[in-house]
Amino acid sequence: MKPKIFITRKIPLVIYDKLAKHFNVRMWEEEDIPVSRDMLIKEIQQADGLFCLLTETIDAEVIEKAKHLKVISNMAVGYNNIDVKTAAEHGVIVTNTPGVLTETTADLTFALLMATARRVVEASDYLRKGEWKTWSPMQLTGQDIYGTTLGIIGMGRIGQALVKRAKGFGMNILYYNRSRKTDIEKDLGIEYCELETLLELSDFVSILIPYSSEVHHLIGENELKRMKESAILINTARGGIVDEKALYEALKHGEIWAAGLDVFEKEPVDLDSPLLTLPNVVTLPHIGSASESTRLKMADIAADNLIQVLQGREPLTPVKLEVKK
Ligand code: GLV
């Protein structure tokens, strides 16, 4: 009998077909509506493998109901939606999709940085609303990118890919990371500093760390106060790293100049979020890795991880449980 898997969202047909060769597949067929928790819990009770997205919370309650489950394959690099510790305690392997989305996410991060600095969305709206009456000296002026300082919080794969883009713009690069990476500093020509210093010296601050409870609201009122009044905050990691209320206040009162956000504390962000009322915020619906080719590669790796584990082999990209010292 084929092992049973549950897929929590409609995935591309080629990937579905690949999985269907090996498994008895059940899939939540909707593209734009997440599976309900009740349905997830019902389906997972029978499943040997789960293919899920970052929209599903796979917590202890879900894992404990899953008596046959051997693998949770998340189609994302971030896995803060999964209780990895409880999974490990139940002998369930968790996998993610690192690597394939690095360049695409770095592209989007730089696109958001440029769009925010040069007020691209606001300027486009200005034209469409018929407000463009003439060319004038200080109309829609933004911040320069070339020759400025970029501070990157997190120097993993995406951080390093962002450095390469920023170097092309003659940017001076500072970084802060939990552990200092001296080899990378030399290779890429970047400088390590403490978070406080990074916030004080940077013209752009880009957040590229994974989310965990330890970094919840890492950027709050005090951190925003340290930033330059002309500075721009870019978040393409996870919304919970920034205190959105504090960010709103900082933007409204001119403590920082603008923000580019691809991620929010609650997703989808509420349409009445005060952040959406500010002209100096560029907002995107969590599309960091959203190129056609990258999303296919992510789905493919997620599928391969399921196949590997359920056929008794090592997963390609397992999530390692961090043991706190
Ligand atoms: C997207 O945010 C991901 O973690 O892959």
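Thresholds applied
Numbering of residues begins from 1 in every chain and follows the order in which that chain's sequence is written. In keeping with the model being predicted, local features are shown solely for residues with a pLDDT of at least 70 and side-chain atom pairs are shown and tallied solely at 80 or more, while totals for entire chains, interfaces and linings include all residues. Each side-chain value is derived from all of the structure's non-hydrogen atoms; neither hydrogens nor water enter the calculation. When at least one non-hydrogen atom of a residue lies within 4 Å of a molecule or strand, that residue is treated as near it. Two N or O atoms count as a polar contact when they lie within 3.5 Å, although within protein this holds only if one can serve as hydrogen donor and the other as acceptor, and sequence-adjacent residues are included solely when both atoms are side-chain atoms. In this description, strands pair whenever DSSP reports at least two bridges between them. For the purposes of this entry, the term helix denotes a DSSP run of H or I that reaches at least four residues, the term strand denotes a run of E that reaches at least two, and both are numbered from the N terminus. An axis is simply a line fitted to the C-alpha atoms; with a helix, the fit covers only the stretch in contact. Between two such axes, the angle follows the N-to-C directions and lies from 0 to 180 degrees. Residues are treated as being in contact if the distance between any of their heavy atoms lies within 4.5 Å. Small angles under 35 degrees read as roughly parallel and large ones over 145 as roughly antiparallel, with 65 to 115 read as roughly perpendicular and the rest as oblique. In this classification, Asp, Glu, Lys and Arg are treated as charged, Ala, Val, Leu, Ile, Met, Phe, Trp, Tyr, Cys and Pro as nonpolar, and every other residue, Gly included, as polar. Take a side-chain nitrogen of Lys or Arg and a carboxyl oxygen of Asp or Glu: if they are within 4 Å of each other, that pair is a salt bridge. Classification of residues uses two cut-offs on accessible area relative to the type maximum, computed with a 1.4 Å probe and protein chains only: under 20% is buried, over 50% is exposed, and between them is partly exposed.

With that out of the way, let us pick up the site of the ligand. Looking at the ligand, the residues that line it are L54, A76, V77, G78, L101, R238, H286 and M298. At a separation of 2.8 Å, an oxygen atom of the ligand approaches a polar backbone atom of V77. In the model, an oxygen atom of the ligand is placed 2.7 Å from a nitrogen or oxygen of the R238 side chain.

As a further point, take the sheet that holds strand β1 (residues 4–7). Read across the open sheet, the five strands follow the order β2-β1-β3-β4-β5; overall the sheet is parallel. A single partner strand is all that each edge strand has here, and the edge strands are β2 (24–27) and β5 (93–95). Here the strands of the sheet are splayed against their neighbours by 15° on average, with no regard to which way each runs. Here β1 runs beside strand β3 (residues 49–52); their pairing, made up of three bridges, is parallel. In the sheet register, F6 faces β3, and the bridge partner there is L50.

What follows covers the sheet that holds strand β10 (residues 232–235). Spatial strand order, β8-β7-β6-β9-β10-β11-β12: seven strands in an open sheet with parallel pairing. In this open sheet, the two strands that pair with only one neighbour each are β8 (191–192) and β12 (281–283). Across two bridges, the pairing between strand β7 (residues 172–176) and β8 is parallel. Counted as the bridge partner of L174 is E191 from β8. This element, helix α7 (residues 157–168), spans β6 (149–153), β7 and β9 (204–207) of the sheet and lies at about 175° to β6. With respect to the sheet, helix α11 (residues 244–252) is in contact with β10, β11 (258–261) and β12, its orientation differing from that of β11 by roughly 145°.

We now examine the packing of helix α1 (residues 13–22) against helix α12 (residues 292–310). Direction vectors running N to C along α1 and α12 enclose 10°, while the axes themselves pass 10 Å from each other. Taken together, α1 and α12 sit at an angle that is classed as roughly parallel. Across the interface between the two elements, V14, I15, K18, L19 and H22 from α1 touch L296, A299, D300, A303, D304, L306 and I307 from α12. Among the residues making up the contact of α1 with α12, the classes are represented as eight nonpolar, one polar and three charged.

Here the focus is the pattern of salt bridges. This structure, assessed with the given rule, holds 19 salt bridges. Of the charged contacts, one joins E103 and R165 as a salt bridge, the two residues approaching to 2.7 Å between their closest N and O atoms. A residue pair is termed long-range when its members are at least 10 positions apart, and E103 in helix α5 (residues 102–117) and R165 in helix α7 qualify at 62 residues. For E185, the salt bridge goes to R180, with nearest N and O atoms at 2.8 Å. The buried category is assigned to E185, whose relative accessible area is 11%. Here the residues in one salt-bridge network are R37, D59, E61 and K65, joined through shared partners.

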